[in-house]
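In case you want the letters, here they are:
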Amino acid sequence: MSETLQKYAKFPLLAVVFTVLVKLLFLLTHHIQEDAFITWRVAQNLLDYGVIGFNGETKISASTTHLYVFVSYVFNLIFGKENFIYPLLIFNSLLFTIGSYFLSKLILENPVHQAIFIFLFGILPPSIKISILGMEYGILFFLEMALLYFGFKQNKIWAQILFPILILFTRIDTVIFLGIVFLVDIIWNKKIRWFYILGGILGVAVLMSFNWFYFGELVNNTIVAKSVTYAKNMSLALQWKYFLMNYGNFWGMLKLPGDFNPFTILVLVFEFLAFLYIVSKKESKNLFIWIIFLFGWTKQLIFISQRSYFDWYYWIPQILLFAVILVFVLEQKTYKFWWISLLIIFYILPMAAFQTIHSIATGNGEWNYRRSIGLFLKDYEKDKNQYILLEPAGYIPYFSGLKAIDEVGLVDKEIQTEIKKDKANYWRNTVEHRKPKYLLSPKDLFKGKDSAFYKKNYSLLKEYRVENNLKSENKILKKIYKLKPSGTDYNLYKRN
């Protein structure tokens, strides 16, 4: 590094601190993903019962991530159940931003460019969601970028062995990332990194052994449950409909109402052009450009082909694909100021504004609305051994303390048996056989073919309506809540 650039060497680290501080403002929105509370409930179950499970002493891999369960367990242990959430969210945000620091070192030379990259990259909507929604992707992004930085840029043997183990123990689908890294590295360097292969083998062995010896299964229950519950034999017309409804998740980072989003197409084309421009120049950093770009496309295409429409599957691919645009803009030799200004004014700022509105509205629908159902049940039902049948199993079981049967079977395996036996009637059959004390349904159970059964055995305890939650003394917040109402209407029933 030249002496001129050396004086800016600390800029990237300062950018990490500044970016984290900016993103901490989003904690005020209380936008926390439902699934995070499943992981945290599992961590607290481990704390209370010494068992990785969801309902007392029953073992079940209810969370998609083992490593994050243990991290959440440690934070519960240190800060207590009442106070661990925000320290953990700050930790997630810090880890993600350090991961973006590693990525900037891999694909940019100039420390000033690296600092700008870290900030602009960090305030993209998926980056904000990875940081503050409480899921495992902050840790995962850190581990993946640390693998590339220490294992492949600095060629540290310990990193090639350790990080694949931790990455796979975080999520089993990261085998896609590890596989792309392996293939691109072989083609680029024309040699095999045997210690990296060892790390991959150990990662698979550790994950499978843990699953088998602790849970008696090779694959996480969450994967099995989703494969059992979600429809497989969809018509081509229905598949196309769902694709159009969700394709904003895949590339565009900006999912607008309606089936057509021109911004997604624009971003997609720009990403391709930026990628082709960068790799046309033969530079050592192109190894990492190829890795992140091919991984982004491969991960998305695999999950799209499997009709996986949950948007969090696409957060990391989204930002990695967009990283090439940032590199393209930052490395322009002429009119760089105008390139950066146009990108910020017409894309970064609107995206950040959209995410701010989205987080405020969704935080209201989740934290203020759905959590209130859990808090009501916490005070209403003192016997925490009682069950509630509902979907999803995040906020309400967590804040009520009740045991839960979720419709998908993520936290309770028995319902999977009912789905296999009679999918059309599994909800009614589960209620009849398990007799949960509480039912939470978006439908009016007192209407329809099984209404007589429900009227005989259950009473309507309380109604929850989203429209009643779109209120605030702050006029701006009230407008946001009404602009983007978030939540589901529910009916809460109690067994007679």
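Refer to the preceding data block for the structure.
The rules we used
Residues numbered from 1 in each chain as written. Predicted model: local features only at pLDDT ≥ 70, side-chain atom pairs only at ≥ 80, totals over all residues. Heavy atoms only, no water. 1 Å grid on protein atoms, 1.4 Å probe; cavity = no way out; pocket = protein on both sides within 12 Å on 5 of 7 lines; lining within 4 Å. Points joined across faces, edges and corners; volume = space filled by probe spheres on them. Helix = DSSP H or I, 4+ residues; strand = E, 2+ residues; numbered from the N terminus. Salt bridge = Lys/Arg side-chain N within 4 Å of Asp/Glu carboxyl O. Pairing = 2+ DSSP bridges. Axes fitted to C-alpha atoms, helices over the stretch in contact; angles between N-to-C directions. Contact = heavy atoms within 4.5 Å. Core = buried A, V, L, I, M, F, W, Y, C linked by side-chain atoms within 4.5 Å. Buried < 20%, exposed > 50% of the residue type's maximum accessible area, 1.4 Å probe, protein only.

Asks: So what exactly am I meant to see when it comes to the layout of surface pockets here?
Replies: The computed volume of the second largest pocket comes to approximately 650 Å³. Considering the residues around the second largest pocket, the lining is formed by 25 residues, among which Q44, K81, Y398, F399 and G401 are closest to the centre. Among the secondary structure elements, those contributing two or more residues to the lining of the second largest pocket are α3 (34-49), α5 (85-107), α17 (336-380) and α18 (395-400). At five residues, the largest contribution of residues to the lining of the second largest pocket is made by α3.

Asks: I tried to follow the pattern of salt bridges on my own but got confused; where do I start?
Replies: One side chain can pair with another of opposite charge once the charged atoms of both are near each other. What the rule picks out here adds up to 17 salt bridges. Residue E331 is joined to K285 by a salt bridge in which the shortest nitrogen-to-oxygen separation is 2.4 Å. With a gap of 46 residues between them, E331 in the loop between α16 (315-330) and α17 and K285 in the loop between α14 (262-279) and α15 (286-305) connect regions that are remote in the sequence. For the salt bridge of E414 with R434, the shortest nitrogen-to-oxygen distance reads 3.5 Å. Within this pair, whereas E414 is found in helix α19 (residues 414-421), its partner R434 is found in helix α20 (residues 426-434), the two being separated by 20 residues in sequence. When salt bridges that share partners are traced, they join E34, E366 and R370 into one network.

Asks: Looking at this structure, I do not really get the sheet that holds strand β3 (residues 438-441). What am I missing?
Replies: Backbone hydrogen bonds hold the strands of a sheet together, and the pairing may be parallel or antiparallel. On the basis of which strands lie adjacent, the open sheet formed by five strands has the order β2-β1-β3-β5-β4 and mixed pairing. Edge positions in the sheet fall to β2 (403-406) and β4 (458-464), since each of these pairs with one other strand and no more. Ignoring strand direction, the axes of neighbouring strands in this sheet form an average angle of 20°. Direction of pairing for strand β1 (residues 387-390) relative to β2: parallel, over a ladder of four bridges. Among the inter-strand pairings, Y387 is bridged to a residue of β2, identified as K403. α17 rests against β1, β3, β4 and β5 (490-495) of the sheet, and its axis sits at about 135° to β4.

Asks: Where do I start with the nonpolar core in this structure?
Replies: A general tendency of soluble globular proteins is for nonpolar side chains to be buried together. In terms of nonpolar packing, the biggest core is built from 139 residues, with W40, L103, I107, F121 and I388 touching the most fellow members. Tallying contributions element by element places α16 first for this core, with 14 residues. Excluding residues that lie within four positions of it along the chain, I388 makes contacts with L377, I396, L402, K403, A404, I405, Y438, L440 and L492. By size, the runner-up hydrophobic cluster in this structure holds 14 residues, among which are I415, W427, V431 and Y493.

Asks: What's the story with the pairing of β3 in this structure? I'm lost.
Replies: In the case of a regular strand, side chains alternate between the two sheet surfaces. Burial of β3 is two-sided: the residues Y438 and L440 facing one way and the residues L439 and S441 facing the other way are all buried. Sheet topology note: the β3/β5 ladder contains four bridges and is antiparallel. Opposite S441, over in β5, you have N491 as the bridge partner.

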